[in-house]
Each structure stands twice: as structure tokens, then as C-alpha cells.
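Residue-level listing of the chains:
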Amino acid sequence: MGKYEGKNVVITGGSSGFGLTTAAALVDEGARVLITGRTQATLDTAVEQLGSAAIGVRSDAASLADIDTLADRVKTEFGTIDALFVNAGIAHFAPFGAVTEQAYDEVFAINAKGPYFTVQKLAPLMNPGSGVVLTTSVVNVVGYPMVSVYAATKAALRLMARSLGRELLPQGIRVNAVSPGPIDTGILDRTLPPEVAAQTKSQMAADNPMGRFGASGEIAKAVLFLAFDATFTTGAELAVDGGASQL
Ligand SMILES: NC(=O)c1ccc[n+]([C@@H]2O[C@H](COP(=O)([O-])OP(=O)(O)OC[C@H]3O[C@@H](n4cnc5c(N)ncnc54)[C@H](OP(=O)(O)O)[C@@H]3O)[C@@H](O)[C@H]2O)c1
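Note that residues are indexed from 1 along each chain, following the sequence as it is written. It should be noted that, the model being predicted, local features are given only for residues of pLDDT at least 70 and side-chain atom pairs only at 80 or more, the latter also being counted only at that level, while totals for whole chains, interfaces and linings use all residues. Side-chain measures here rest on the full set of heavy atoms in the structure, leaving out hydrogens and waters.

Enquirer: Give a detailed account of the site of the ligand, specifying residues and quantitative values.
Expert: Any residue with a heavy atom lying within 4 Å of a molecule or strand is counted as near it. What surrounds the ligand is a group of 29 residues, the closest being R38, T39, Y150, T185 and R190. Any pair of nitrogen or oxygen atoms within 3.5 Å is treated as a polar contact; in protein, a donor-acceptor pairing is required on top of that, and neighbouring residues in sequence qualify only through side-chain atoms on both sides. Take T39: an N or O atom from its side chain is 2.6 Å from an oxygen atom of the ligand. Within the contact set of the ligand, an oxygen atom lies 2.8 Å away from a backbone nitrogen or oxygen of I183. A helix here means a DSSP run of H or I that spans at least four residues, while a strand means a run of E at least two residues long, and both kinds are numbered starting from the N terminus. For the shell around the ligand, the elements supplying multiple residues, two or more each, are α1 (17-28), α5 (148-167) and α6 (187-191). Its residues assigned to classes, the shell around the ligand comprises 10 nonpolar, 15 polar and 4 charged. Lys, Arg, Asp and Glu make up the charged group, whereas Ala, Val, Leu, Ile, Met, Phe, Trp, Tyr, Cys and Pro make up the nonpolar group; the residues left over, Gly among them, are polar.

Written out as C-alpha cells, the structure is:
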């Protein structure tokens, strides 16, 4: 019998990157997963890869209407859930002086507002003892150039782990954050021009204390630990960053 047999898990941004890797690890151990993303084709490919224990739901994290619909769908499919991985997010690179109001609002809507209301709408479906995991980033601890808005959204999430962790204690729900350092999921290739992405990636690997990118599976292990095994831990952030935020 798999470790997560009988468990129902929702993963926002579960159609690629380490959201998908985490979904695969859960399905391998017997869980049922509901994953979200905005792009139907990416979701379809992910569900095909994961098999019949996975459900893909097109849902924009920035849309409160979509989050309401998502909560209804989760209730219909699962009734209750045992873990919620709030992982959907976009990167945004721009020098401070060039950030526009539109970009600021978009990144905050997806990375901070969406996660906040996703937890609010799905918490009533969470079983006592269950765990929420929010995806933050090394940039909410260390000051990096070009990511001022992105870093601020992740810092907001880090604080949500504390405040929502406190408010959800009476329901027996733990709220923690996983803070990845550089993980080569393709997010930089999709966000930056090819030559800038290549240069940024080699610089990031060189700057990391362990001298490398992390792997998606290293994040998935931390997420599953926080969601299921860390039964005396709430409001915390676990850095999985090769030491970048600590050394
Ligand atoms: N990779 C890293 O080095 C790194 C480091 C620190 C933190 N992070 C964070 O980790 C999370 C996952 O990153 P990743 O590298 O795995 O990226 P990824 O491969 O681009 O995956 C992002 C996922 O989020 C979904 N998504 C994006 N915007 C969305 C929206 N508005 N509504 C719903 N889904 C949305 C994407 O699907 P669609 O595009 O189809 O919507 C995809 O499923 C993000 O929050 C990111 O900020 C990544």
C-alpha cells in the first residue's frame, strides 16, 4: 500500500515544474491529485502523464471567480482534502526603475492575492491534521536585483504562512512554506530571452553555495514532508536552496 493511499491533494500550478513533480510523487504512492494551471494543453499533457488518479482543472490563480469554481469542483471530486500545495506563480524580471503598474498588479494578483484566496476558499474542505504548503523563494530573504516585485510577493506569502497558520490552528490545519533556490524547471527560459536566460542560469549556479541548480524532486520531498510528516510544525519556511539563504 502506498504512503499516500486514500489521500486527496490539490496542487495549484501543478501542470509543470515542481508542482507536476510533486503530483507525480503523490500519485506514485497512491494519492489522488487535482492540479491547476491556465493552459489547457499543458494540463492535458500533465494529466496524461499522471494517469487516472489525476484531475486537471483550468483555473487562473488571479481570478476570484475561478477560485470559487475551483473550490466547488474540489468539493464535488474529493469532498475533503488532506493537503493543499499553493504553488502557482510567475517570475518577473525588471530593473526597479522600469517596473510598470500593470506588471506590479499582475505579479501580485497571481503570486500573492491568488494564494491568499485559494487558502481561504479551500480551507473549509481541509481535514483536521492536513497541511497547506505555500511556495515562497530565496528572494524573500536575500536582496537580488531585477526581482523587486516578485520578491515582495514571495515575502507576502512567507508572512501568510505565519498569519494563516495562526488563524487555521483551531481547524487543525498547518500552514508552512517551501522556499526554493534556483531549480531548473524552465521558468527562466520561458520568462527571459534565450541568451539572457542562459547567462542568468550559469550565474545563478555559480553564485549558489552548492554550485548547482536544485532538482524538482528535491522540492517535492520537502513539500511532502511539510504537508504530511511535519505534524508539529506550522508557520515555518523550509529553505531548499543549496544554502543560498543561510550561508
Ligand atoms: N524554478 C525556480 O527556480 C523557483 C525558485 C523559487 C520559487 N519558485 C516558485 O515555484 C513555483 C513553481 O515554479 P516552477 O519553476 O515549477 O514554474 P513553472 O514550471 O512555470 O510552473 C508554474 C505553474 O504555475 C502555473 N501558473 C502560472 N500562473 C498561473 C496562474 N495565474 N493561475 C494558475 N496557474 C498558474 C503554470 O501553468 P500555466 O502557465 O499554464 O498557467 C504551471 O503549472 C512558482 O510559484 C515560482 O515562483 C521557482
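What follows continues from the structure just given.
Enquirer: Just give me the short version of the packing of aromatic side chains, but keep the residues and values in it.
Expert: Whether two aromatic rings pair depends on their centres lying within 6.5 Å, for rings of Phe, Tyr and Trp, where Trp uses its six-membered ring; planes under 30 degrees apart make the pair stacked, over 60 edge-to-face, and the rest tilted. Under the definition given, this model contains 3 aromatic pairs. Consider the rings of Y4 and F228, whose centres lie 4.7 Å apart with planes at 35 degrees: the pair is tilted. On the criterion of sequence distance, the pair formed by Y4 in the segment before β1 (8-12) and F228 in helix α8 (residues 216-229) is long-range, its members being 224 residues apart. Taking the relative accessible area as the measure of exposure, F228 reaches 16% and is therefore buried. When the centroid spacing of 4.7 Å and the interplanar angle of 25 degrees are considered together, the rings of Y104 and F108 count as stacked. Relative accessibility thresholds used throughout: buried, under 20% of the residue-type maximum; exposed, over 50%; partly exposed, between the two (1.4 Å probe, protein chains only).

Enquirer: Before we move on, could you go through the side chain of R174 and cite the residues and values that matter?
Expert: In this structure, R174 sits in strand β6 (residues 174-180). In summary, the charge assignment counts Lys and Arg as positive and Asp and Glu as negative, without counting His or the chain termini. Each salt bridge in this description consists of a side-chain nitrogen of Lys or Arg and a carboxyl oxygen of Asp or Glu lying within 4 Å of one another. It is D229 that comes nearest to the buried, bridge-free R174 among opposite-charge side chains, at 8.0 Å. Side-chain polar atoms of R174 contact the backbone oxygen of L226, separated by 2.7 Å. For R174, the side chain forms a polar contact with the main-chain oxygen of A227, separated by 2.7 Å. Leaving out residues up to four positions away in the same chain, R174 has contacts with G129, S130, G131, V132, L226, A227, F228, A230, T231, T233 and T234. The contact rule is simple, with two residues in contact once any of their heavy atoms fall within 4.5 Å.

Enquirer: Tell me about the pairing of strand β3 (residues 54-58), residues and numbers included.
Expert: For two strands to count as paired, DSSP must find a minimum of two bridges between them. Pairing between strand β2 (residues 32-37) and β3: 5 bridges, direction parallel. Paired with V33 across the strands is A54, a residue of β3. With strands facing away from the observer, any crossover in which the path from the first strand over the helix to the second runs clockwise is taken as right-handed. Following the backbone out of β2, through helix α2 (residues 40-50) and into the adjacent parallel β3, one traces a crossover that is right-handed.

Enquirer: Which residues make up the sheet that holds strand β7 (residues 237-240), and what values go with them?
Expert: Overall, parallel pairing links the 7 strands, which are arranged β3-β2-β1-β4-β5-β6-β7 in an open sheet. Looking at which strands have only one partner, the edges of the open sheet turn out to be β3 and β7. Ignoring which end each strand starts from, the neighbouring axes of this sheet average 20 degrees apart. In this analysis, axes come from line fits to C-alpha atoms, helices being fitted only over the stretch in contact, and the angle between any two N-to-C directions falls in the range 0 to 180 degrees. Packed onto the sheet, α2 meets β2 and β3 and runs at close to 175 degrees relative to β3.

Enquirer: Let's hear about helix α3 (residues 64-78): which residues, and what values?
Expert: Note that an α-helix has 3.6 residues per turn; residues three or four places apart therefore point the same way. If you check α3, its first and last C-alpha atoms are 21 Å apart, about what 15 residues at 1.5 Å a residue would give, namely 21 Å. Buried residues of α3: I67, L70, A71, V74 and F78, and no others. The arc enclosing the buried residues of α3, seen along the axis, measures out at 100 degrees, which places them on a common side. Away from its buried face, by an angle of more than 90 degrees, α3 presents the exposed residues A65, T69, D72, K75 and T76. Of the surrounding secondary structure, the elements contacted by the buried residues of α3 are β1, β2, β3, β4 (81-86) and α4 (101-122). One or two steps after α3, the chain reaches G79, where phi turns positive at roughly 80 degrees. Here the expected length of a helix is defined as 1.5 Å per residue gap, with one fewer gap than residues. Picture the helix axis, draw a direction to every C-beta atom, and the arc is the one those directions span.

From the geometry alone we can't say anything about function, so treat these as descriptive.
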